Structure formats: structure tokens, C-alpha cells
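Each chain, written out:
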Amino acid sequence: MFIRRTQTRNRVSGEPYVTHRLVHSARVGHVIKQSTLLNLGSHLDLPQAHWPALAKRIDELLHGQCSMPDASLPEQVQTLAQRFAAQIIARTPNLGLACSALSDAPATAALPASRSPFETGAVDRYQEVDLDSLELVNPRSVGVEHAALSAMRQCGFEDKLAQLGLNRPQIAAAVGNVVARMALPCSELATHAWLKGQSALGELLEFDFQAMDLNRLYRASDALYKHREALQEHLFGRARAMFGLGQTITLYDLTNTYFEGGAAAVDKAKRGRSKERRSDCPLVTLAMALDASGFVRRVQFFAGNASEPSTLNKDMLTGLDAAPRATVVMDAGISTEANLRWLRDQGYHYVVVSKLRRRQFDPALATEEQSAGGVTIKLQRVLDAQGHVLLYCHSPAREQKDRAIDEAKASGLEAALVRLHASLSKSKGRQDAATIMQRLGRLKQRFARAAQHYAISVTTDPEDQRITAITWDKRTKPGSAAAHPGVYCLRTTLVEQDNAALWRTYTMLTELESVFRSLKTDLGLRPVFHRIDRRVEGHLFISVLAYHFVHMLRSQLKAQGVSDSWNTLRQTLSTQRRVTVTMQRRDGRTVHVRKATRPQPGHQTLSTILKLDPNPGRTHRVLV
């Protein structure tokens, strides 16, 4: 076995190029026959002086001699030998080598001219082997990759990329980016290492990720971002066809994530209010429009300091193929009067959280509705001057939260007032009115939520105008949040719907909140390490694509009563591996069998629902 450097020509352009081939020599009668076992590619990154050692080590691995290699052997040689030996075992059935039944001839016997040194495909299932020689080599994860690839192929993701002009290596890199974000959320650099050394995705795609350089992953990210509009439309269309989705409701909200480092060269990297309490870092904002079932319809990216109301523009909602008089559900931060007026002008209905500070909730006039968790929600309908429905909703859990916050703020304000009053009697304390009033103002600003319910007065010495005492009286403001803890108000143009239907429409917004949580926690949205604008948005868009396929899998499982989070599902699926079993026969020849491990019971349940092959990648049997 040796490595040959061969010059050949491109079949299309006719341009010459150099390729490297692993060649096997065998005596057939009185003639030496040579056959190519593997094309090593044009760029064999190994000094030519090490080629004999590499060929020898590959031969040892193929013949089951997996003992520790020579200590003087460079690590690069050992790595390449394991890679090429694994490729030969995994790909031999696809290399056009002869397939025939196993022979009992001695290993030293000459092979007929029509026979290859490798026997595949028809290798007998029953072999006499030395059990002590059994070794398990080249383990790679395959469970999550198989499920992810299944979801992609149901959506026609690879076919769509081909239609958009991507070639096979570009499609493989794009699929690798998205699958890695589902299986092991990390940066492109870590994704590259995972694809090369830990994942069996390359076997499922029949693509050699170990020969792929890192820049191809970055360029694949650029390609995905470039075609984001076409991909969003295609994927949502497939989801709508598969699950029978309607076009009546659109959920809209936004979140942000942070950069590691200064990111000074990124235009959208701006400091603002972080929803992850990372305001010490530059931020970038992600806006999403989803349908009622949680599938992404459109995404857009904004600067980290973008005002929430300004993100609702015609680009986000127009062109969504929404039904006439469709409904948009938004949170309070986006529902300004200008945005609501624009929605009405465009013919949309809406359900939003009202910014009205005054509550008009009367429990005696409220109806009751049971939440999915069995909690009783009280609902009271009121019409405003514009003919909109104001739906006041009371939640027991929210009431407990509001009361706890109000009590903490009130206790903090009263404690501060006690300290300020005590300072008036100290000999070194400053009792002039200007200083005391300034300190009172700062306290009201600090405890604004509680201060509106307190009447604070001061007593002044008539002679020197110094303040001698501070008194306060708590009087809960009528119609305020403190007067009606646990009550929030929804505003909508859907005057014909009943209270329960309006409230359930709004609760769909919690699905969008869970989407953001999944993107950040399960799918590697945060943090962002890139320093080029298109790479930043490409990184975010890959997480959005990963979410789409995760949501597709979870929707199929939920229909069968499995409601586990993606993190739980990923842990269940990740137990499956593809491994190669190597065994020595009595006659000295070596049998290699590569296949996936048997799914665990939990994994088997998921595979049955999702109709996944329990042995992804098929079984390869090779006799050397």
C-alpha cells in the first residue's frame, strides 16, 4: 500500500490539477495489479517524507492492528490514518469494488484478476472470529443528527438550497451549520471541530467534513443569510402544508442578545437595555413574526438600542400572505398609538396589552375561565370611547407577584423615610429645607412604584426654617395597579369575540416568549462572537433555522402526547452512536462492521413517532 501523486485534468474545463491516491498492490499470477482504494484529494497536508508511514499505518488499521503506534510517528500521521481507514470502511460499498461471497482461501493466496483486496456487500453474516481481538473504534454521534436531517428532508431544505444555486459542498456546509446548532450549540469554530471529530453527519450526507476547511462554514452562513427571504417563505409554506396551519393570527415580539468583546466594527452592535441583564455588553436585536402554532414567518435584525415601537414596520407584516382582517398579537412595548393606527389602516385586527394606568376591574362583574394549568382567571369587558374592547384580566399568580413587589417597595420607602427622619435629630445632620427636600425627591424617584401611594409632609421650624420632622401616610391610589393587584388590561378591535377567546388569543404570546428562551438556551443564539455585520446576522439566522426544525419535530411529538423540551429530547437522542467493530478471523483476515448502536427505550419511542430508521447510515461489512 502506498500513496501516489497523480496529475489529471478537469473533465469540464480541461484544466490540469494534482490529486493523491491511496493505492494497493497485489500479485495476481505473475502480474502485479494495482487498485486505487481512496482518493485523498488535491491537498494532502502532509510532508511527502511521511507518506510511507501514513500508508503503513492505514494498512495496520485495516488489518486490525490497532495497537499503540510508534511513538516517533507524528500525531498528524495517526490522525490522517484513522480518518482514511474509517473512510475506506464506510465507503467501500460505494467505490465500485467487487462484491462477492467470503472465501476460505488462505490470506497469502493470490487474488484473481476480478477480485479486490476488499470483500463487501455479500460478506457472510456468520464468521469465525477471535473474540479477544474485538475492538470498537471511531465512535461518532448520530441520533440528533439523524432526527435533524429527517426534519430538513421533510421540508425539502436541501432541495431548496440546490434551487437557490448552492453546490453539494455548500449544501453540506449549510446543513452542518444548522444541525450543529441543534445538536451542540456553539460557534462556527467549535462546529467545525465537532463535524470533523465527533459527528456522523458526514456519513449520513456522504460528505467528508474532515476535508472541509473552516472558511466553508463561514461562507455557508453568508449564503444562508443571503437567501433568508426565500428560505423563510419556503419553510413556512412547507410547515403550513404539513400541519394545516391557518393564516388568521400573527404573533410579534422582539428580544436581544449580547456580544463578547467590544464589536466596534459591527454597525448594529449598540449598548441598550439587555433582556438578559448584560447591559455591560453591546447588543443586537432580533424581531420575529410567528403564526399561532409557533412557526417562524419572518425575522429581522435591528441595532441593540432600537426603540421597540420603531421595529414594527411594513417590512415585518406586509407580504405575509395573511388572511383579510387577520389578527396581530403584540406586547405593550410595541403597541404605541401610532403602530395601532397603522395596523387599523392596513386592515389588521390586534390584541395588545393596554398601557392605561387606571384599572376599572370589578370582580363581581367578571366572568371566569380556566387556564391550561387549572387556574381560575377572572375576565371583565369594558368598551372605551373608540369602541375598542378593554378586557381586564385577573390572575391569582400575578396577584401574589404584584403584592410581593408592592410590599418590598413600600418597606424600602418607609425604611428610607425612617432613616431620613432620624438624621434630623443628629447634631451633625443637615436640616436645611433644600437638602431634605432633595433627598425626599431622590427617594420618590427610587421607589416610584410605592411613592405614589404615600402622602409625605415635613414640619419646619418657624424661626430658622429648618425641617424638624417628616411624617407620612399611606393611601392606596384608586384605580392603580396596587389597588387591583394581579390585574392587567388587554386592548383589542375584536369586539365580536367573547372574553375567553380574547384571553386565549393573547396567551399565545407566551409561545413566542418560549421561542426566545429556546433560541438563547437551547440553540446557541447567545453570545455573538462575530465582528462582521453579515456574519452576525448569519449567526442569528442559523439559530432561527435550527428553531424551525426543532419546532417541527416537537410539533410531531406533541401530536402523540410527547411534550418534552428540546433539551430533554436532545439528551435522549444523543445516546445513539455509530461505531466500527473490528475482529480478526482464524485465517488472519480482518472483518470490519460499521453500524449504529441500538436505540435506548426512550429513543426508540421517539424514533417510532418520527418514523426514523433505528440504524441510521446503514450497516457496512468489509473483509480485509
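Reading guide: rules and limits
Residues numbered from 1 in each chain as written. Predicted model: local features only at pLDDT ≥ 70, side-chain atom pairs only at ≥ 80, totals over all residues. Heavy atoms only, no water. Helix = DSSP H or I, 4+ residues; strand = E, 2+ residues; numbered from the N terminus. Rg over C-alpha atoms; globule rule 2.2 N^0.38 Å. Buried < 20%, exposed > 50% of the residue type's maximum accessible area, 1.4 Å probe, protein only. Core = buried A, V, L, I, M, F, W, Y, C linked by side-chain atoms within 4.5 Å. Pairing = 2+ DSSP bridges. Axes fitted to C-alpha atoms, helices over the stretch in contact; angles between N-to-C directions. Contact = heavy atoms within 4.5 Å. Polar contact = N/O pair within 3.5 Å; in protein donor to acceptor, adjacent residues only side chain to side chain. Parallel < 35°, antiparallel > 145°, perpendicular 65-115°, else oblique. Nonpolar A, V, L, I, M, F, W, Y, C, P; charged D, E, K, R; others polar. Phe/Tyr/Trp six-rings, centres within 6.5 Å; stacked < 30°, edge-to-face > 60°. Salt bridge = Lys/Arg side-chain N within 4 Å of Asp/Glu carboxyl O. Expected span 1.5 Å × (residues − 1). Arc of directions from axis to C-beta.

1. Some words on the overall build of the chain
Along its length, the chain carries 19 helices and 19 strands. For 624 residues, the compact-globule estimate of 2.2 N^0.38 gives 25 Å, and the C-alpha radius of gyration of the chain, at 34 Å, exceeds that figure by more than 25%. Projected onto its principal axes, the C-alpha coordinates of the chain cover approximately 125 × 65 × 50 Å. Put simply, the chain has 624 residues, and 48% of those count as buried.

2. Side note on the nonpolar core
The tendency in soluble globular proteins is for nonpolar side chains to be buried side by side. Counting 97 residues, the largest nonpolar core has F157, L224 and M288 as its most contacted members. By residue number, the principal contributor to this core is helix 17 (residues 533–558), which donates 13 residues.

3. Remarks on the sheet that holds strand 3 (residues 31–41)
Adjacent strands of a sheet form backbone hydrogen bonds with each other and so pair up, either parallel or antiparallel. Read from one edge to the other, the open sheet built from three strands follows the order 1-2-3, with strand pairing classed as antiparallel. Among the strands making up the open sheet, the edge pair consists of strand 1 (2–9) and strand 3. Strand-to-strand, the axes of this sheet are offset by a mean angle of 40 degrees, without reference to chain direction. Bridging between strand 2 (residues 16–28) and strand 3 involves nine bridges; their strand directions are antiparallel. Within the sheet, the bridge partner assigned to V23 lies in strand 3 and is T36. This element, helix 1 (residues 51–62), spans strand 1 and strand 2 of the sheet and lies at about 110 degrees to strand 1.

4. Let's talk about the side chain of Q556
Along the chain, Q556 falls in helix 17. Within the local environment of Q556, its side chain forms a polar contact with the side chain of Q154, the two groups lying 2.8 Å apart. Apart from residues no more than four positions distant in its own chain, Q556 is found in contact with Q154, M242, F243, I609 and L610.

5. Remarks on the packing of helix 12 (residues 396–423) against helix 13 (residues 433–446)
Any two packed helices are characterised by the angle at which their axes cross and by the distance between the axes. Across the interface, helix 12 lies against helix 13 with an axial gap of 11 Å and an inter-helix angle of 170 degrees. In terms of their interaxial angle, helix 12 and helix 13 are classed as roughly antiparallel. Between helix 12 and helix 13, the residues in contact are L413, A416, L417, L420 and S423 and I436, R439, L440 and L443, respectively. Taken together, the residues that form the contact of helix 12 with helix 13 break down as seven nonpolar, one polar and one charged.

6. Considerations on unusual backbone geometry
Residues R526 and P527 are joined by a peptide bond in cis, for which omega reads -15 degrees. You can see P527 is positioned in the loop between helix 16 (509–521) and helix 17. The backbone of E206 shows a phi angle near 55 degrees, a positive value even though the residue is not glycine. Take E206: it is sitting in the loop between helix 7 (201–205) and helix 8 (214–226).

7. As for the packing of aromatic side chains
Throughout the structure, instances matching the rule amount to five aromatic pairs. The interplanar angle of 75 degrees and the centroid separation of 5.1 Å between the aromatic rings of F207 and F209 together place this pair among those described as edge-to-face. F209 matches F207 in its accessibility class, with the two residues each being buried. Judged by centre distance (5.3 Å) and plane angle (35 degrees), the ring pair of F243 and F295 falls under tilted.

8. Here we look at the environment of H421
Along the chain, H421 falls in helix 12. Put simply, H421 and Q87 are 334 residues apart on the chain and 81 Å apart in space, counted from C-alpha to C-alpha. Once residues lying within four places of it in the same chain are set aside, the contact partners of H421 are T468, A469 and I470.

9. Considerations on the pairing of strand 12 (residues 376–383)
Two elements, strand 11 (residues 367–370) and strand 12, share four bridges in a ladder whose sense is antiparallel. Paired with E368 across the bridge in strand 12 is K378. Connecting strand 11 to the next strand, strand 12, in antiparallel fashion are five residues, including G374 with a positive phi near 85 degrees. For strand 12 and strand 13 (residues 389–394), the ladder comprises six bridges, and the chain directions are antiparallel. Its bridge partner lying in strand 13, K378 is registered against H394. Connecting strand 12 to the antiparallel partner strand 13 that follows it, the hairpin turn spans five residues, and G387 within it adopts a positive phi of roughly 85 degrees.

10. What about the pattern of salt bridges?
Per the counting criterion, the structure on display carries 21 salt bridges. Two residues, R83 and D208, come together in a salt bridge whose shortest N-O distance is 3.0 Å. Taken together, the residues R83 in helix 2 (residues 75–91) and D208 in the loop between helix 7 and helix 8 connect sequence positions 125 residues apart. The same class applies to R83 and to D208, which are both buried. Among the salt bridges present, the one from E537 reaches K268, with a minimum N-O distance of 2.9 Å. Here K268 lies in the loop between strand 6 (249–258) and strand 7 (283–291) and E537 lies in helix 17, a separation of 269 residues in the sequence.

11. Focus on the sheet that holds strand 10 (residues 349–353)
If you trace the nine strands from one edge of the open sheet to the other, you get 8-7-6-9-10-16-13-12-11, paired in mixed fashion. Bordering the open sheet on either side are strand 8 (296–303) and strand 11, each of which pairs with just one other strand. With strand direction ignored, the average angle separating the axes of adjacent strands in the sheet is 25 degrees. Each of strand 6, strand 7 and strand 9 (327–330) is contacted by helix 16, which is oriented at about 30 degrees to strand 6, the strand it contacts most.

12. Some details on helix 8
For helix 8, with 13 residues, the first-to-last C-alpha span of 19 Å sits near the 18 Å given by 1.5 Å per residue. Turning to helix 8, its buried residues number three or more, namely L217, Y218, A220, S221, D222, A223, L224 and Y225.

13. Quick notes on the environment of H539
Tracing the backbone through its elements, the reader meets H539 in helix 17. Taking relative accessible area as the criterion, H539 reaches 3% and is therefore assigned buried. Residue contacts for H539: discarding those within four places in its chain leaves R181, E188, S221, G524, L525, P527, V528 and H530. Reaching out from H539, the side chain makes a polar contact with the backbone oxygen of G524 at a distance of 3.3 Å. Separated by 3.3 Å, the side chain of H539 and the backbone oxygen of L525 make a polar contact.

14. Regarding the side chain of T191
You can see T191 is positioned in helix 6 (residues 188–197). Setting aside anything within four residues of it in sequence, one finds T191 in contact with G176, N177, A180, C186 and L217.

15. Some thoughts on helix 13
Residues lying three or four places apart along an α-helix face the same way, a consequence of the helix completing one turn every 3.6 residues. Between its terminal C-alpha atoms helix 13 stretches 20 Å, which fits the 20 Å expected from 14 residues at 1.5 Å a residue. Buried within helix 13 we find T435, I436, L440 and L443. For helix 13, the arc enclosing every buried residue in end-on projection is 135 degrees, short of the 170-degree limit, so these residues lie on one face. Turned more than 90 degrees away from the buried face of helix 13, the exposed residues are A434 and Q445. As for helix 13, its buried residues are in contact with helix 12, strand 14 (454–460) and strand 15 (467–474).

Remember, this is a structural readout, not a statement about activity or role.
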